[in-house]
Amino acid sequence: MSDEIHDFRYFIVDDSIPVKLALDAQGRSMGTLGPDKETGAFKIEMKYFADVMDGDNANEVDLSHFDKACEAYFK
């Protein structure tokens, strides 16, 4: 069994925060990565995990929409 990230699902939390949900090879949720404006990169940020799993404050989007949200967020 591997602890490596195999794929991602992409979300927008609170209408503006791009968040990645990491998936293992079996498609199970491993955790969330959130944007870090200081570094301009994504880091492990579990505070978004409940939002993504519950769906109350998060909308799943395709990669193209996610990339556009990242551009706007990191401006």
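As a reminder, the structure under discussion sits directly above these lines.
The present account deals with the structure reproduced in this document. (Residues numbered from 1 in each chain as written. Predicted model: local features only at pLDDT ≥ 70, side-chain atom pairs only at ≥ 80, totals over all residues. Heavy atoms only, no water.)

Next up on the list: the nonpolar core. Phe11, Val13, Ile17, Val19, Leu21, Leu23, Tyr48, Val52, Ala58 and Tyr73 together form the largest nonpolar core, which totals 10 residues. Taken together, the elements giving at least two residues each to this core come down to β1 (7-13) and β2 (17-23). The contact partners of Val13, leaving out residues within four places of it in the chain, are Val19, Tyr48, Asp51, Val52, Asn57 and Ala58. Grouped together as the second largest cluster of nonpolar side chains are 6 residues, Tyr10, Val61, Phe66 and Ala69 included. (Core = buried A, V, L, I, M, F, W, Y, C linked by side-chain atoms within 4.5 Å. Buried < 20%, exposed > 50% of the residue type's maximum accessible area, 1.4 Å probe, protein only. Helix = DSSP H or I, 4+ residues; strand = E, 2+ residues; numbered from the N terminus. Contact = heavy atoms within 4.5 Å.)

Before going further, it helps to examine the pattern of salt bridges. Pairing between side chains becomes possible if they bear opposite charge and their charged atoms approach one another. For the coordinates displayed, the defined rule picks out 2 salt bridges. In this structure, the salt-bridge partner of Glu60 is Arg9, at a minimum N-O distance of 2.8 Å. Residue Glu60 is found in strand β5 (residues 58-61), and its partner Arg9 is found in strand β1; the two are separated by 51 residues along the sequence. By relative accessible area, Glu60 is classed as partly exposed at 46%. Looking at Arg9, the relative accessible area reads 32%, which means it is partly exposed. Of the charged contacts, one joins Asp24 and Arg28 as a salt bridge, the two residues approaching to 2.8 Å between their closest N and O atoms. (Salt bridge = Lys/Arg side-chain N within 4 Å of Asp/Glu carboxyl O.)

This part covers the sheet that holds β5. Taken in spatial order, the 5 strands of this open sheet run β4-β3-β2-β1-β5, and their pairing is antiparallel. Sheet topology places β4 (41-44) and β5 at the edges, where each strand pairs with a single neighbour. Taking each pair of neighbouring strands and ignoring which way they run, the sheet shows an average axis angle of 35 degrees. Relative to β5, β1 runs antiparallel, the two sharing 4 bridges. Residue pairing for β5: Ile12 is matched across the bridge by Asn59. Strand contacts of helix α2 (residues 63-74): β1, β2, β3 (29-36), β4 and β5, with the helix running at about 130 degrees to β2, the strand carrying the most contacts. (Pairing = 2+ DSSP bridges. Axes fitted to C-alpha atoms, helices over the stretch in contact; angles between N-to-C directions.)

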